[in-house]
Amino acid sequence: MAHPREGWQGHGAPRKLTRRSFLNRTVGGTLAALGAAPLLEACSSALAGTGTVPLPRPDNPVTWPVKDNSAIASGLPAEQNATLQLYSWVAYINQDVVNSFAKKFKCKVQITTFNTINEALSKLRSGLSYDLLVGATVDVLGQLIESKLVQPLNHSYIPNITQAWPDFTNPFYDQGWQYTVPYTIYTTGIAWRKDLVNENPYAMRNPWAMPWQAKYKGRVAILDDYRESISLGLMKNGIFDLNTTDIGHIATARKALEELSSLVNVRIDNNDYTEVPDADTWIHHAWSGDMAAAGYYMPKGVPVKNVGYWFPADGRGPIANDTNVVLRSAGNPVLAHMFLNYMLDLPNVLTNISFNGYMQPLTGVTPKVLVKEQILPPELLSTVVLPSYFRRGVAELQLPVDTDALWQQAWLVVSNGI
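Caption draft 1: Looking closely at the pattern of salt bridges. Applying the stated criterion to the full structure yields eight salt bridges. Salt-bridge contacts for Lys236 lead to Glu259; the nearest nitrogen and oxygen are separated by 4.0 Å. Separated by 23 residues along the polypeptide, Lys236 in helix H6 (residues 226–236) and Glu259 in helix H7 (residues 247–264) bring together distant segments of the chain. For Glu259, a relative accessible area of 40% translates into the label partly exposed. In this structure, Asp280 engages Arg267 in a salt bridge whose closest nitrogen and oxygen atoms are separated by 2.9 Å.

This is the structure we're talking about:
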């Protein structure tokens, strides 16, 4: 799946055309002419793994091997006169937090950024060396481990893990948190302008069907992401297996999105955080962390209460989390572990959230605290991710290679028809 920071340029700027957008909009016609399926099958291995990597699922948890890949020893001093090298998504970490870490541990910190996780994987495989990968997505964890790009963690350096939700000391995707600590967590839901849209999704029988209304033609947008938008088509039809391998289900989702295009002339973009506040779109398939920042983009005189974000109260909807990992190429592995620990300490986490808008799964990050610290207005509390959401939510996880090709083919049909 795409990432909310894919193509991001920071607050105040719309996302640039992403790699996926470029492929969909410029190469799509050629794919259709040549026959999309064979080409998609050929390229999907880069997106969905080699086929030999286990596919973690809540009902199929994975304990990754640590053979021939040892963690650092305990009790080592931090590297001296070091420059900690972070490899991160654009605008995904607060420079103030980085600066405070550097001051406390008497080191320098350098951040190098990437725009897509595939770009990050490619550069790491080419031999580029960093200490930490910030924002490693769950769906590529197997590839990182299989390629020996990451090293196991020594838990003795990370006591602040006790501040995280207990789920993350034994997550299904990394049993025993051998390689990962949690970073951000977010949901996918529906954003809307309350003053312009008559319907309230909280009162609708199936809020996932909210975009399918002809009266809002020209004012509806879905996310430019094949996993997210095909999933929307599935949920509109009551299908909540968002990793389905069923060809019939994928076709049903595709037809739903084609119907949506015909009905409302749907737009495809990831500018939910700007378009809903300024009423460019009235209903937008959206990410919670984006909409948490909506207050920054409200036109003068328009109150933030006019913007709503819906995610099902029972937590049965798309949820995702990113992780932080120590790279095997790390020249400063002790400092890297200390940075992981620093980013699990509540004061630092709150400072970080105030910058990027994306929640971090600490027990101390509560709706009450976020409002008290003026990080989030009360009107946007629905963007907060609760522990129950993580436990009940539906994750869009790594797909088998052949299934991933089917999802992408369905999305190309939809996006090239719009």
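Caption draft 2: Quick peek at the environment of Gln95. Within the secondary structure layout, Gln95 lies in helix H3 (residues 95–104). For Gln95, a relative accessible area of 39% gives the class partly exposed. For the pair formed by Gln95 and Thr351, sequence separation is 256 residues and the distance between their alpha carbons is 9.7 Å.

Caption draft 3: Summary view of the environment of Asn118. Its place among the elements puts Asn118 in helix H4 (residues 117–125). Here Asn118 falls in the partly exposed class, since its relative accessible area comes to 22%. C-alpha separation for the pair Asn118 and Val140, spaced 22 residues apart in sequence, amounts to 9.0 Å.

Caption draft 4: View of H7. Between its first and last C-alpha atoms H7 spans 26 Å; for 18 residues at 1.5 Å apiece the expected length is 26 Å, and the two agree. Listing the buried residues of H7 in full gives Ile250, Ala253, Ala256, Leu257, Leu260, Ser261 and Val264. Considered in projection along H7, the buried side chains sweep an arc of 140° and stay on one side of the axis. H7 presents Ile247, Lys255 and Ser262 as exposed residues on the side facing more than 90 degrees away from its buried surface. Taking the backbone nitrogen of Gly248 as reference, a side-chain oxygen 2.7 Å away marks Asp246 as the first, capping residue of H7. Residue Asn265 follows H7 closely and has a positive phi angle near 50°.

Thresholds applied
Residues numbered from 1 in each chain as written. Predicted model: local features only at pLDDT ≥ 70, side-chain atom pairs only at ≥ 80, totals over all residues. Heavy atoms only, no water. Salt bridge = Lys/Arg side-chain N within 4 Å of Asp/Glu carboxyl O. Helix = DSSP H or I, 4+ residues; strand = E, 2+ residues; numbered from the N terminus. Buried < 20%, exposed > 50% of the residue type's maximum accessible area, 1.4 Å probe, protein only. Expected span 1.5 Å × (residues − 1). Arc of directions from axis to C-beta. Polar contact = N/O pair within 3.5 Å; in protein donor to acceptor, adjacent residues only side chain to side chain.

Keep in mind these numbers describe shape, not what the thing actually does.
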